[in-house]
2 protein chains.
Amino acid sequence: MAKQKPRTLSGFMELLPTRQMQFERMTELLRKSYSLYGFTPLDTPIIEASEVLLAKAGGETEKQIYRFTKGDSDLSLRFDLTVPLAKYVALHYADLSFPFRRFQIGKVYRGERAQRGRFREFYQADIDVIGDGKLDIVNEAEVPSIIYQTFTSLGLKRFQIRVNNRKILNGFYAMLGLTDKAGDVMRTVDKLPKIGADKVREMLVSEDISATGEQADEILKFISITGSNCEVLHALEEYKNRHELFDQGLDELNTVVKYLGAFGVPKENFAVDLTIARGLDYYTGTVYETFMTDHPEIGSICSGGRYDNLAEYYTDKQLPGVGISIGLTRLFYVLEEQKYLNDQLITSPADVLILPMTDDLSPAIAFATKLRAAGVRTQLYTEQKKFKQKMTYADRLGVPYSAFLGEDEISQGKVSLKNMTSGEQRLLPVDEAVAAVLKALETNERTAPIREPEG
Amino acid sequence: MAKQKPRTLSGFMELLPTRQMQFERMTELLRKSYSLYGFTPLDTPIIEASEVLLAKAGGETEKQIYRFTKGDSDLSLRFDLTVPLAKYVALHYADLSFPFRRFQIGKVYRGERAQRGRFREFYQADIDVIGDGKLDIVNEAEVPSIIYQTFTSLGLKRFQIRVNNRKILNGFYAMLGLTDKAGDVMRTVDKLPKIGADKVREMLVSEDISATGEQADEILKFISITGSNCEVLHALEEYKNRHELFDQGLDELNTVVKYLGAFGVPKENFAVDLTIARGLDYYTGTVYETFMTDHPEIGSICSGGRYDNLAEYYTDKQLPGVGISIGLTRLFYVLEEQKYLNDQLITSPADVLILPMTDDLSPAIAFATKLRAAGVRTQLYTEQKKFKQKMTYADRLGVPYSAFLGEDEISQGKVSLKNMTSGEQRLLPVDEAVAAVLKALETNERTAPIREPEG
């Protein structure tokens, strides 16, 4: 028969079992973190009616959409989890209680140009808190504490959450009489780390934006405010009482910083950073970006912020919210590239591989049943192979333990338990063997999927 | 602004939070069950190149495919998890260890005619064991024990796994000289429960199949063999030594039944059933179907079997396997319809809702942090609302506990903990409150998502 060459599309991540297990461990910990903060899991379709999904879209996004017809229906694959959330909340408004806190971890699709580290199918892991009409500022302080707890539980230590407030930026530009140009100015200022201050100034006074030299200097002075959170907040006091929006933003930022301490976020993992703007017009208050301290070149690994109107394309209801998103597939890719994946994590499909040495498998099956009842992941190896091939299999899977049941063991009601890491083998009564494995696995339960390389 | 009416496509399941939580609990328990048996999680793309995905397909299936072009690429959404598995194993053959045991829980797509209880996007939950060249028969006995353990852990009790062997059927038809017509005969026999024996006989002797009257009688006699497993196996002995394939199938069935007891599957959850054939030509040995005892009309809720050649469209390698699949979305739909979903399960986003009664939120935040550190899902309610509205919110979420922190509580280092089910409220030191909640939640950990209605 002619064979079809098997292949996986480029831009689509497909992992080998070991890596997949590490990825699963990450999503499991994300689910756990998000649940601890009272977010409910949600799952929405990957396919939506195009007119619903694209109610807002336009420009770059729309070009990337996977859009097609099936029968009479014009369909599209979701390109993020925010638009489906907006649809969900507008559609099920009457059945939801507000604030509505949901998390969603799911695949989204963007037909980007294929290149290393860019994915067309990728996981996003989002949380959002949606208010009905109003939403208290405390939520904006809790969100970075969730980012902190989440990355910490994954095993990442050297990261920093940078926080700003769009009202401070918009208020500041209003003071300068640059409100109409605030978007362009912020996009230009965003380029500061890449092109430097001189080039930014040049662009600000150029025809496109045509700020005055004085305005440009004010802007550069403003975004060069750096230092400890306390120093930055202090420097901002200087601008007070000149514009209401600015004052409101500064109040909010002060509140967020104050409560962040109470939420237990250490100072080194958190910084007020006036250059964080988030491109989208969507955000209206606190904004977040998160950077790996040793890899700033990767860009933000978790971003988000406060918005005033989640679902304006679907409903008249005012639904303010605050949310963040982690691009999980890209993060995983980067962690592997940078050797941040913890190879101490058990990634084998089973904790114990049982190798029966007798024709009658009943004792081996009984031992497997006992281990499984105790919660130990167990595989019976029953293929007719030479002993050496069986051990090679155990090694390749990376099982932490193998167990042998021969005539001798069975007649004594014991098993030979081999620690595959140390090579140590012990003859143990069945129950003691189960207990020994359970004890050893306890440590792995706490093993994080990320381990930072030694500096 | 003109609004786009929000809607979800028909045939696409989108659950409200309570139901979603029950669904998540089911998938969590499936993952846990499959993992206990040494299966590794896998995740493959939802989109594949059409020529890869449809290497085998044809007929009814192909019509249902979501197929489209993006740029120059001819793409299709996966319609099951077996074809992607075949591709995966053929593609990554050199990196895998055999037997390769994987589970996958994921969405698949079929453009079926929309009707109640039929879904176009639905979850399948599959396990497969793939051998390289050979695969031991014990795997075929272990699979029903996994079905048993899985449904039991979900809370289902009244179900029966029915087992047959295609070699017995094929051998039997060979004895009758009906090998060429075996497929048609089996499809006709499959209709027995629906149309009755007379009608089946009529169809067998009709032009389409044109069996002789004697052959038809033999067939009806054969498939009317019923009784206990022991009785059925005994009756089959009569047919022995007439055809090699039949004898091999009977041997295998005897082995499977023998080991099923060792694997701990109770007699009442398991039956040899000679009418089970599984339509697909794909299966070559043991075949399984699973029925809810009180709802046979639903059809099989978990089916599968042994096949000799997983990936023949992609590789020359002989890759025999055994697997099963649960149509999770449909099962969930049916369980809800039949009122099998356990409403005792905690489905609220949080276990404790904290209601701060003071302006300074720091003590409430500290209590929340303590609860979360202990693994308790906790939400802080900080919106400016009347007390009564806050309690309505707690009620609507269905949180098992709420906690109040006013001046009095804070000055004493205590919290008022309210059991929302009993209404009982106690003033407790912070640590005791955490312990009380933890103890109460232990029970829920063991609560199954399915509860059978009292007969």
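Anything mentioned here points back to the structure above.
Residues numbered from 1 in each chain as written. Chains lettered and ligands numbered in written order. Predicted model: local features only at pLDDT ≥ 70, side-chain atom pairs only at ≥ 80, totals over all residues. Heavy atoms only, no water.

S.K.: Account for the overall build of chain A, naming residues and giving values.
M.R.: What chain A contains, in helices and strands, is 17 helices and 16 strands. Along the longest, intermediate and shortest principal axes, the C-alpha atoms of chain A span 90 × 60 × 45 Å. For chain A, the proportion of its 455 residues judged to be buried stands at 57%. Here the contacts in chain A between residues at least 6 apart in sequence split such that 68% fall between residues at least 24 apart. Roughly 19,400 Å² of accessible area belongs to chain A as shown, and the carbon and sulfur atoms make up 46% of that amount. Taken together, the 57 basic and 64 acidic charged side chains of chain A have centroids lying 6 Å from each other. (Helix = DSSP H or I, 4+ residues; strand = E, 2+ residues; numbered from the N terminus. Buried < 20%, exposed > 50% of the residue type's maximum accessible area, 1.4 Å probe, protein only. Contact = heavy atoms within 4.5 Å. Areas by Shrake-Rupley, 256 points an atom, 1.4 Å probe, with all protein chains shown as cover. Lys, Arg positive; Asp, Glu negative; His and termini not counted. Charge placed at Lys NZ, Arg CZ, Asp CG, Glu CD.)

S.K.: Hey, could you go over the environment of A:R330 for me, with residue numbers and the actual values?
M.R.: Residue and element names in this part refer to chain A. Mapped onto the secondary structure, R330 falls in helix α13 (residues 328-337). A relative accessible area of 33% places R330 in the partly exposed class. If we skip the residues at most four places from it in the chain, R330 touches G117, F119 and I298.

S.K.: An account of the relation of the copies chain A and chain B is needed here, citing residue identities and associated values.
M.R.: Each copy of the sequence occupies a distinct position, and chain A is placed on chain B by a rotation of 180 degrees and an axial shift of 0.0 Å, giving an RMSD of 0.1 Å. The two molecules are tied by a two-fold rotation axis, judged by turn and shift. Minimal C-alpha separation from the rotation axis in chain A is found for A:F68, amounting to 3.0 Å. When the interface residues of chain A are mapped onto chain B, 100% of them again fall at the interface, so both copies present the same face. (Least-squares fit on C-alpha atoms with pLDDT ≥ 70 in both.)

S.K.: Kindly report on unusual backbone geometry, identifying the contributing residues and their values.
M.R.: For the bond running from A:F98 to A:P99, omega is 0 degrees, close enough to zero to count as cis. As for its placement among the helices and strands, A:P99 is situated in the loop between α4 (82-91) and β5 (100-109). A positive phi is found at A:N241, a non-glycine position, where the angle reads about 65 degrees. Summarising the element assignment, A:N241 is placed in the loop between α11 (229-237) and α12 (244-262). Residue class for A:N241 comes out exposed when judged on its relative accessible area of 68%. A positive phi is found at B:K339, a non-glycine position, where the angle reads about 60 degrees. Looking at where B:K339 falls in the secondary structure, it is placed in the loop between α13 (328-337) and β12 (352-356).

S.K.: For α4(A), give the residues involved together with the corresponding values.
M.R.: Where burial is concerned, most of α4(A) is hidden: eight out of the ten residues are buried. For α4(A), the full list of buried residues reads A:V83, A:P84, A:L85, A:A86, A:K87, A:Y88, A:V89 and A:A90. For α4(A), the secondary structure elements touched by its buried residues are β2 (47-49), α2 (50-53), β5 and β6 (121-130) of chain A together with α1 (17-36) of chain B.

S.K.: Which residues make up the pattern of salt bridges, and what values do they have?
M.R.: All names here are of chain B. Tallying each qualifying case throughout the model produces 51 salt bridges over all chains. Two residues, R187 and D184, come together in a salt bridge whose shortest N-O distance is 3.2 Å. Taken together, the residues R187 and D184, both in helix α7 (residues 182-189) and three residues apart, mark about one turn of the helix. The class of R187 is partly exposed, set by a relative accessible area of 42%. (Salt bridge = Lys/Arg side-chain N within 4 Å of Asp/Glu carboxyl O.)

S.K.: How would you explain the interface of chain A and chain B if you had to name every residue and give the values?
M.R.: On the side of chain B, 100 residues touch chain A, which itself brings 100 residues to the contact. Carbon and sulfur atoms make up 57% of the area that chain A and chain B hide from each other, which totals about 8,600 Å². Taken together, the links from chain A to chain B amount to ten salt bridges. For the pair chain A and chain B, the interface holds 46 residue pairs in polar contact (both at pLDDT 80 or more). Considering each element in turn, the side of chain A that touches chain B owes the most residues, seven residues, to helix α1 (residues 17-36) of chain A. (Buried area = accessible area lost by both parts, 1.4 Å probe. Polar contact = N/O pair within 3.5 Å; in protein donor to acceptor, adjacent residues only side chain to side chain.)

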